[in-house]
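Coordinate analysis (summary)
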Amino acid sequence: MCGIGGVKLTQPGPIGEELVQMMTALRHRGTDSTGFALYGPWREDRLIVRLRVAEREKLDAKLNEIEAELQKAGGQFVGPPTWDKTERAKDAFVRLEVSPDIDVQQVTTAWIALGGVEVHSFGHSLEIVKDVGDAQTVAARHNIRDFQGTHGLGHCRLATETEVDVAHGHPFWARPFPDVSIVHNGQITNYYKSRRLLEQEGYQFSSDNDSELISVFIADQMKHGKSFAEALRYSIGALDGVFTYLLSIPEGIGLAKDRLAIKPMISAQTETVVVMATEEQAIRQVLREEINTRSYGQGEVVIW
């Protein structure tokens, strides 16, 4: 039932605003949580981290602990931390810029072990922002509309199996691979077997959501030599269930649909933008002129 969508521009532009409008049009598909994976300018000299501290009154102490663990791993802050300024909020959403020459898995594991810390993304260009509530609520708290970038993903969630909280909201980052994110509509039925196999390879997971599994699965396939397109195609046979997912990397966005093609996906494009979403009305929030749309069927893979 969840709604997913993505935008890819030929030149940097207002992807934040466009994704907010799209997710607002899909709010009837779920308002438990809403999230955005946003790709801004790529920089080699730093990694952007997005994380959540559960207890806002402990933020200063927790940031000191976060910095100490980063330094143990040979890293450092390359700018002052920033966070949302929402009054009366119980939690805090923090943005960090850190030195790029660190072991991302080591740092992520150490931060989570502190307690009360969720790590939502690492990236040279990727920033994942997600929260409970609908698109308008999340956008207002996190200034999503102001984000300028090249491409991004959006998700509005109706929780069916896991908790209604920030940790289980989409998008997911492919921990520990920087700049890889996913939004997903559907269910992976061989989740536990697939997860165990990845855990045997040393991967750790931040949730028990099957969408996170897909992102790590694809990133691992690419690590072992498959191209982006090959990894997406391989997932159609390797993953059981009904699913449509959009997976994003710095170069663009990929789509994969299972062999039953129950979960919908439609796209439209012009010379300057390609837009894809669960429903056409979301696409028309970005492309308001007369457009031709394309629907996707069984086992299809597309890369924009």
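Before reading on, note that the structure itself is shown above.
The written sequence of each chain sets the order in which its residues are numbered from 1. Local features in a predicted model are, by the rule used here, given only for residues with pLDDT of at least 70; side-chain atom pairs are given and counted only at 80 or more, and totals for whole chains, interfaces and linings are based on all residues. Water and hydrogen atoms were dropped before computing side-chain values, which therefore reflect all heavy atoms in the structure.

Looking only at helices and strands, one finds 8 helices and 16 strands in the protein. When we talk radius of gyration, it's over C-alpha atoms, and the globule rule is simply 2.2 Å times the number of residues to the 0.38. Against the globule reference of 19 Å for 304 residues, the protein gives a C-alpha radius of gyration of 18 Å, in line with a compact fold. Each of the three principal axes of the protein carries a C-alpha extent, and together these read 50 × 40 × 35 Å. Taking all 304 residues of the protein together, 59% fall into the buried category. Of all intrachain contacts in the protein linking residues separated by at least 6 positions in sequence, the fraction that spans at least 24 positions is 72%. Of the roughly 12,700 Å² that the protein leaves accessible, carbon and sulfur atoms contribute 47%. Think of it this way: Lys and Arg go in the positive column, Asp and Glu in the negative one, and His and the chain ends go nowhere. One atom stands in for each charge, and that atom is NZ of Lys, CZ of Arg, CG of Asp or CD of Glu. Here the protein contributes 32 positive and 42 negative side-chain charges, whose respective centroids are spaced 2 Å apart. Under the scheme used here, helices are H or I runs from DSSP no shorter than 4 residues and strands are E runs no shorter than 2 residues, and both carry numbers assigned from the N terminus. Between buried and exposed lies partly exposed: a residue is buried under 20% and exposed over 50% of the maximum accessible area for its type, with that area taken using a 1.4 Å probe on protein chains only. Throughout, a contact is declared for two residues whenever any of their heavy atoms are within 4.5 Å. Throughout, the Shrake-Rupley method with a 1.4 Å probe supplies accessible areas, and for residues the shown protein chains are the sole cover considered.

This next bit is on the sheet that holds strand β9 (residues 172-173). Ordered by their spatial adjacency, 5 strands build an open sheet running β9-β10-β11-β12-β16, and the pairing between neighbours is antiparallel. Edge positions in the sheet fall to β9 and β16 (301-303), since each of these pairs with one other strand and no more. Strand direction decides the pairing type here: strand β12 (residues 252-257) and β16, joined by 3 bridges, are antiparallel. Considered in β16, the bridge of Leu-255 is made with Val-302. Helix axes use the C-alpha atoms of the stretch in contact, all axes being lines fitted to C-alpha atoms, and the angles between their N-to-C directions lie in the range 0 to 180 degrees. Against the sheet, helix α7 (residues 228-238) engages β11 (241-249), β12 and β16, with an angle of about 155 degrees to β16. Pairing between strands is defined by DSSP: at least two bridges between them are needed.

Pairing of aromatic rings covers Phe, Tyr and Trp, the last through its six-membered ring, and needs centres within 6.5 Å; plane angles under 30 degrees mean stacked, over 60 mean edge-to-face, and all others mean tilted. In total, this model carries 7 aromatic pairs according to the counting rule given. Taken together, the aromatic side chains of Trp-111, Phe-122 and Trp-173 make up a single cluster linked through ring pairs. Stacked on the ring of Phe-172, the Lys or Arg Lys-130 has its end atom at 4.1 Å from the ring centre. Here, a charge over a ring is recorded when the distance from Lys NZ or Arg CZ to the ring centre is within 6 Å and its angle to the ring normal is within 35 degrees. Its guanidinium or amino end placed over the ring of Tyr-234, Lys-226 lies 4.5 Å from that ring's centre, counting from NZ or CZ.

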